[in-house]
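Structural overview for review
Below, each chain spelled out in residue letters.
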Amino acid sequence: MRARAVLLAVLLAASFASRSSAQYIYLDSNGDGYSTTADQLAPTGTTTFAVWLRTDANRDGSRGLCFSDDGELTFRSYEIVLHARDGTVTWSAFSNGIAEFTDALGTQSDGADYRTGFAGSAELPPGAYLLGTIDVGAVSGTPSLEFAATTPLGPTFRTAFGSACSGTDFDHFLKLGLDWSDADGAPWGAPAGGVVALDQPSNMTLVEGETADQALSATDSDGLPITFSLGSGPSFAAVTTVAPGTGVAA
């Protein structure tokens with residue numbers, strides 16, 4: 001009898017594991033409300049990212065299911081952890097987009113990680129929600145952004161949301177990496193095959209001891225900002241970017 005009881009427990013666990021719930025969190029930087037290859041972290045300046053959560057569907061659009069089968073995938077709170085891989089970034093304050101969630105759960109951050117969250121008394125129905133927005137600026141390396149299940153910023157911090165569905169731990173807090181897995185961040189936005197065209201500088205002739213300036217102009221086919229630098233030349237020559245622009249620089 002004891003052996004049969006152990007076997008039954010294993011079978012039940014396997015049955016639950018095959019009925020995983022389906023939710024999806026992602027970043028959107030171009031304002032279309034979806035995660036696409038166009039959503040990237042710009043190499044210069046700051047990029048505004050919208051954070052979206054779908055509690056009713058998977059990345060592929062399939063219907064979301066409650067893992068514990070004891071409630072709907074409603075929405076009553078959220079916590080997000082963003083991680084910068086292969087570099088460091090700056091984070092702005094997070095702007096909460098859920099009007100019903102007025103209780104701030106605190107914010108922690110460093111150059112690689114950012115964690116924040118909000119909660120409220122409302123029980124929102126399953127659906128797609130704009131959690132809020134955050135501005136991110138690249139500082140060093142070639143950082144890409146991803147959602148992390150946990151973070152070294154705190155032992156209890158993780159990407160998750162509160163719900164009527166109790167989840168794997170039966171605590172009504174559905175956790176990335178445990179109750180669901182679909183998450184899309186944003187890659188480093190370095191030009192991929194774009195062409196930078198430099199207008200040919202004019203020939204210059206100077207008398208020894210004199211100085212002169214010449215304006216430079218270039219165009220980037222991807223519309224990205226351009227920075228001029230001196231790759232080689234005499235020690236008395238210097239190059240400065242006056243206006244990085246968006247696609248055109250001087």
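Summarised in this report is the structure supplied together with it. (Residues numbered from 1 in each chain as written. Predicted model: local features only at pLDDT ≥ 70, side-chain atom pairs only at ≥ 80, totals over all residues. Heavy atoms only, no water.)

**Description of the overall build of the protein chain**
What the protein chain contains, in helices and strands, is one helix and 15 strands. For the protein chain, the residues scored as buried account for 34% of the 250 residues in total. Put simply, of all contacts in the protein chain between residues at least 6 apart along the chain, 66% involve residues at least 24 apart. Accessible surface computed for the protein chain: about 13,700 Å², of which carbon and sulfur atoms make up 55%. (Helix = DSSP H or I, 4+ residues; strand = E, 2+ residues; numbered from the N terminus. Buried < 20%, exposed > 50% of the residue type's maximum accessible area, 1.4 Å probe, protein only. Contact = heavy atoms within 4.5 Å. Areas by Shrake-Rupley, 256 points an atom, 1.4 Å probe, with all protein chains shown as cover.)

**Quick look at the pairing of strand S3 (residues 75–91)**
Note that S3 and strand S6 (residues 113–124) share eight bridges and pair antiparallel. If you follow leucine 82 over to S6, its bridge partner there is tyrosine 114. Across three bridges, S3 lies against strand S10 (residues 160–162) in antiparallel orientation. Paired with glutamate 79 across the strands is alanine 160, a residue of S10. (Pairing = 2+ DSSP bridges.)

**Structural notes on the environment of threonine 211**
Looking at the element boundaries, threonine 211 is found in the loop between strand S13 (196–198) and strand S14 (218–220). Put simply, threonine 211 and alanine 237 are 26 residues apart on the chain and 9.5 Å apart in space, counted from C-alpha to C-alpha.

**Re the packing of aromatic side chains**
One pass over the full model with this rule turns up 11 aromatic pairs. Centre to centre, the rings of phenylalanine 75 and tyrosine 129 are 4.9 Å apart; their planes meet at 40 degrees, and the pair counts as tilted. Taken as a pair, phenylalanine 75 in strand S3 and tyrosine 129 in strand S7 (residues 128–147) lie far apart in primary sequence, 54 residues in all. Looking at phenylalanine 75, the relative accessible area reads 0%, which means it is buried. For tyrosine 129, a relative accessible area of 14% puts it in the buried group. Members of the aromatic cluster, each reached through a chain of ring pairs, are Phe75, Tyr78, Phe94, Phe101, Phe118, Tyr129, Phe161 and Trp180. The residue whose ring lies beneath arginine 115 is phenylalanine 157, and the NZ or CZ to ring-centre distance is 4.1 Å. (Phe/Tyr/Trp six-rings, centres within 6.5 Å; stacked < 30°, edge-to-face > 60°. Lys NZ or Arg CZ within 6 Å of the ring centre and 35° of its normal.)

**Thoughts on the pattern of salt bridges**
Evaluated as defined, the whole model comprises eight salt bridges. For the salt bridge of arginine 59 with aspartate 184, the shortest nitrogen-to-oxygen distance reads 3.1 Å. Of this pair, arginine 59 sits in the loop between strand S2 (46–54) and S3 while aspartate 184 sits in strand S12 (residues 182–184), placing them 125 residues apart in sequence. According to the relative accessible area criterion, arginine 59 is partly exposed, its value standing at 39%. The closest approach of N and O atoms between aspartate 171 and lysine 175, which form a salt bridge, is 2.8 Å. Taking the relative accessible area as the measure of exposure, aspartate 171 reaches 38% and is therefore partly exposed. (Salt bridge = Lys/Arg side-chain N within 4 Å of Asp/Glu carboxyl O.)

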